[in-house]
Amino acid sequence: MTIMPTKVFESDTVQTMTLDGVPVTFAQGETILEVAERHGKEIPTLCHDSRLDPMGACRTCLVEISGWRRLSPSCATKAEAGMEVETESDRIDRHRKGLLALYAADHPAEVAVTNGRPNELVAMIARYAAPTDWGHLESQRDDRPGDVNPYVGFDAEACIACARCVRYCDEVEAVSAISLANRGSYTTIATVDSLGLLDTTCEMCGGCIDVCPTGAMHEKMPLAALAKPEPDLEKVRTTCNYCGVGCQMDLNVDRDLNDGRGKVVKVTSPPPGTTTNDGNLCVKGRFAYEFLDSHERIMTPLVRSADGQLVDASWEEALRRAADGLRGVAERHGPDALGFISSSRCTVEENYLVQKMARAVFRTNNVHQCAAT
Ligand code: SF4
Ligand code: SF4
Ligand code: FES
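Residues numbered from 1 in each chain as written. Chains lettered and ligands numbered in written order. Predicted model: local features only at pLDDT ≥ 70, side-chain atom pairs only at ≥ 80, totals over all residues.

Scanning the chain for helices and strands turns up 10 helices and 16 strands. Expected size for 373 residues packed as a compact globule is a radius of gyration near 21 Å; at 27 Å, the chain overshoots this value by more than 25%. Projected onto its principal axes, the C-alpha coordinates of the chain cover approximately 85 × 50 × 40 Å. Among the 373 residues that make up the chain, the fraction classed as buried is 28%. Partitioning the contacts of the chain with sequence separation of at least 6, the portion at a separation of at least 24 is 59%. (Helix = DSSP H or I, 4+ residues; strand = E, 2+ residues; numbered from the N terminus. Rg over C-alpha atoms; globule rule 2.2 N^0.38 Å. Buried ≥ 20, exposed ≤ 12 C-beta atoms within 10 Å, placed from the backbone. Contact = placed C-beta atoms within 7 Å.)

Structure, rendered in C-alpha cells:
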C-alpha cells in the first residue's frame, strides 16, 4: 500500500495553468514543483524534501515562467491561475549546466565512492552533461574533526549548503542540534561551540544523513566496516521490532559476507510518502542492527532437561513441550487458568494470531498485550 503525504491546501479551489504548453489543474497552495510531479514532469532538485518548508537554496529546480524576467525555483514558487511554465528550454539547460559545473568545481569527486551512499549531485552532473573541467576550489568550510560520535560523520568539503539536514533536524525532529554557520564560501553545518553531536541535543536519529544529497552527512559504521557502496547492496524491506509503531525499514544486505549467508551493513528508511514512517527512523531502528550478528544470540530453541538446565532442542520438540504444558494446565485447572500476553513489538498479524490461539484453540479470553495498559 502506498501512503501519499497529506497535502494541506489553502483552499480546495481547483484552477488551471499551462505546463510545457499543456493546460493542467492545480489546487491553490501547490507549488509548481508539486504540480509538475503530479503531472509526471521530472524537475531536478537537491534542497527540496516534501517534508520540509521550501527554501529555494540549490537553484537546480528553476523553471521559466512567461512574463517573469528571471528563472524561478519551482520548489518555492506557488502555482497561479493562468501561469505559463516551461520546465525544459535552452535557457534552463544553460543555467543548469553552469550551476552544476560550479558545484562540481567545489566538490570532491571521490565522495561518490568513498562515503558508500548515492550522491545525487554527482549523478545530476552526469545526467545533464555539465562540464567538470572548471578547476577545483579548496573548501573553506570548517569540519568537526573532534566529533567522536559513532554514527553521524560530517565531511564539510562535500557539503553544498542546501540546509536539508538543518531543516530536517528543526522541522521534523524538532531538535535543532545543527545549524548553518558563517557566510559565503565559509558556510558550514555547525553545532554550538563545535561540540560533538553527543554533547548537543542530537537524538542520533540519523535523519540528517538520510536527507543529505551529497553524503556530506554520512553514516560512520558502514565506512568503518568497509561496506560496499549502498547501490551495490540488496535492500530487504522489513518491520522494525524495537517498538509498536511498526516503522518500515530497508535492511541493506551484503550477500557476499558471513560465508554467503549475508550481512546487514546498513539500515535505511523507505522514501518519504511511501510508508507509515514517512522516511523517518529513530536511533535504534537506524543504527542498532549489530545484534543481528551477535554470538550471544539464541540460534536454536531451548527446553529444560530433567535437571532443570536449558538444553538445545529442535523446533518440533520445543513446540511439542510448549503445547503439552499449555494443554496440561487447561485439563487440570480449566482454560481460564491460562493467560496469554503478547507484545507491542510484534506485528499486528502476530498479535492477531496470539488472540486467535487463546480464544479458538484454548477457549479462553485471557489475552492481553502490553500496549493496551
Ligand atoms: S542525527 Fe537527528 S537529531 Fe542529530 S543532528 Fe542529525 S537530524 Fe538532528
Ligand atoms: S550536510 Fe548535506 S544536507 Fe546538510 S547542508 Fe550540507 S549538503 Fe545539505
Ligand atoms: S530544489 Fe528548488 S531550489 Fe533547490
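This part is about unusual backbone geometry. Glycine aside, a negative phi is what most residues show, and trans is what most peptide bonds show. A positive phi is found at Asp259, a non-glycine position, where the angle reads about 55°. Note that Asp259 resides in the loop between strand E11 (248–254) and strand E12 (263–268).

Pairing in this open sheet of 3 strands is antiparallel, and the strands run E10-E11-E12 from one edge to the other. Two strands in the sheet have a free side with no partner beyond their single neighbour: strand E10 (234–239) and E12. The average angle at which neighbouring strand axes cross in this sheet is 35°, direction not considered. (Pairing = 2+ DSSP bridges. Axes fitted to C-alpha atoms, helices over the stretch in contact; angles between N-to-C directions.)

This brings us to the site of ligand 1. Not every one of the 15 residues close to ligand 1 is listed here, only the nearest: Cys169, Ala177, Cys202, Cys205 and Cys208. Residue assignment for the shell around ligand 1 shows that the elements contributing at least two residues are helix H5 (164–172) and helix H6 (207–211). (Near = placed C-beta within 6 Å.)

Here we take up the sheet that holds strand E3 (residues 62–65). The strand order E2-E1-E5-E3-E4 describes an open sheet built from 5 strands, whose pairing is mixed. The sheet is open, and its two borders are formed by strand E2 (22–27) and strand E4 (72–73), each paired with just one other strand. As defined by bridge partners, strand E1 (residues 14–19) adjoins strand E5 (residues 84–86) across 2 bridges and the pair is classed as parallel. Note that in E5 the partner of Leu19 across the bridge is Val85.

Take the nonpolar core next. In terms of nonpolar packing, the biggest core is built from 33 residues, with Ile160, Cys165, Cys208 and Met217 touching the most fellow members. Secondary-structure elements contributing two or more residues to this core are helix H2 (90–105), helix H4 (120–127), strand E6 (152–154), H5 and H6. In contact with Cys208, not counting residues within four places along its chain, are Val152, Cys165, Tyr168, Cys169, Ile178 and Met217. By size, the runner-up hydrophobic cluster in this structure holds 14 residues, among which are Phe26, Cys61, Leu62 and Ala79. (Core = buried A, V, L, I, M, F, W, Y, C linked by C-beta atoms within 7 Å.)

Taken residue by residue, the chain gives an average pLDDT of 91. The fraction at 70 or more is 95%. Segment residues 1–6 is flagged for pLDDT under 50; beyond a separation of four residues in sequence, or across chains, it makes 10 contacts in the model. (pLDDT = per-residue confidence, 0-100.)

Attention now goes to the site of ligand 2. Neighbouring ligand 2 are 14 residues; Cys159, Cys162, Cys165, Cys212 and Ala216 lie closest to it. Among the residues making up the shell around ligand 2, the classes are represented as 12 nonpolar, 1 polar and 1 charged. (Nonpolar A, V, L, I, M, F, W, Y, C, P; charged D, E, K, R; others polar.)

Let us look at H5. By the burial criterion, the buried members of H5 are Arg164, Cys165, Val166, Arg167, Tyr168 and Cys169. Buried residues along H5 sit against strand E7 (179–181), strand E8 (188–190), H6 and strand E9 (217–219). Phi turns positive, to about 55°, at Ala174, one or two residues after H5.

Spacing of three or four residues puts side chains on the same side of an α-helix, whose turn is 3.6 residues. By the burial criterion, the buried members of H4 are Glu120, Leu121, Val122, Met124 and Ile125. Following H4 by one or two positions, Ala129 adopts a phi angle in the positive range, close to 50°.

Sheet topology places E1 next to E2; 6 bridges connect them, and they run antiparallel. Residue Thr16 lies in a different strand from E2, and its bridge partner there is Thr25. Count of turn residues in the E1/E2 antiparallel hairpin: 2 residues, of which Asp20 carries a positive phi of about 50°.

What follows is about the domain arrangement of the chain. Domain boundaries in the chain define domain 1 (14–88), domain 2 (228–296), domain 3 (298–333) and domain 4 (336–373). Here domain 1 and domain 3 have C-alpha centroids that lie 64 Å from each other. (Domains from an automatic or database assignment.)

Relative to E11, E10 runs antiparallel, the two being bridged by 6 bridges. Each residue of the ladder has a partner; that of Val236, found in E11, is Leu251. Two strands pair when backbone bridges link them, and E11 and E12 are joined in this way by 5 bridges, in the antiparallel orientation. Across the sheet, residue Asn252 finds its bridge partner in E12, namely Lys266.

This next bit is on the environment of Lys41. Turning to its location among the elements, Lys41 is positioned in the loop between helix H1 (32–38) and E3. Of the residues examined, Lys41 has 19 C-beta atoms within 10 Å and is grouped as partly exposed. Measuring from C-alpha to C-alpha, the distance between Lys41 and Leu19 comes to 9.0 Å, with 22 residues separating the pair along the chain. Once you skip the residues sitting within four places of it in the chain, Lys41 turns out to touch Leu19, Asp20, Ala36 and Thr87.

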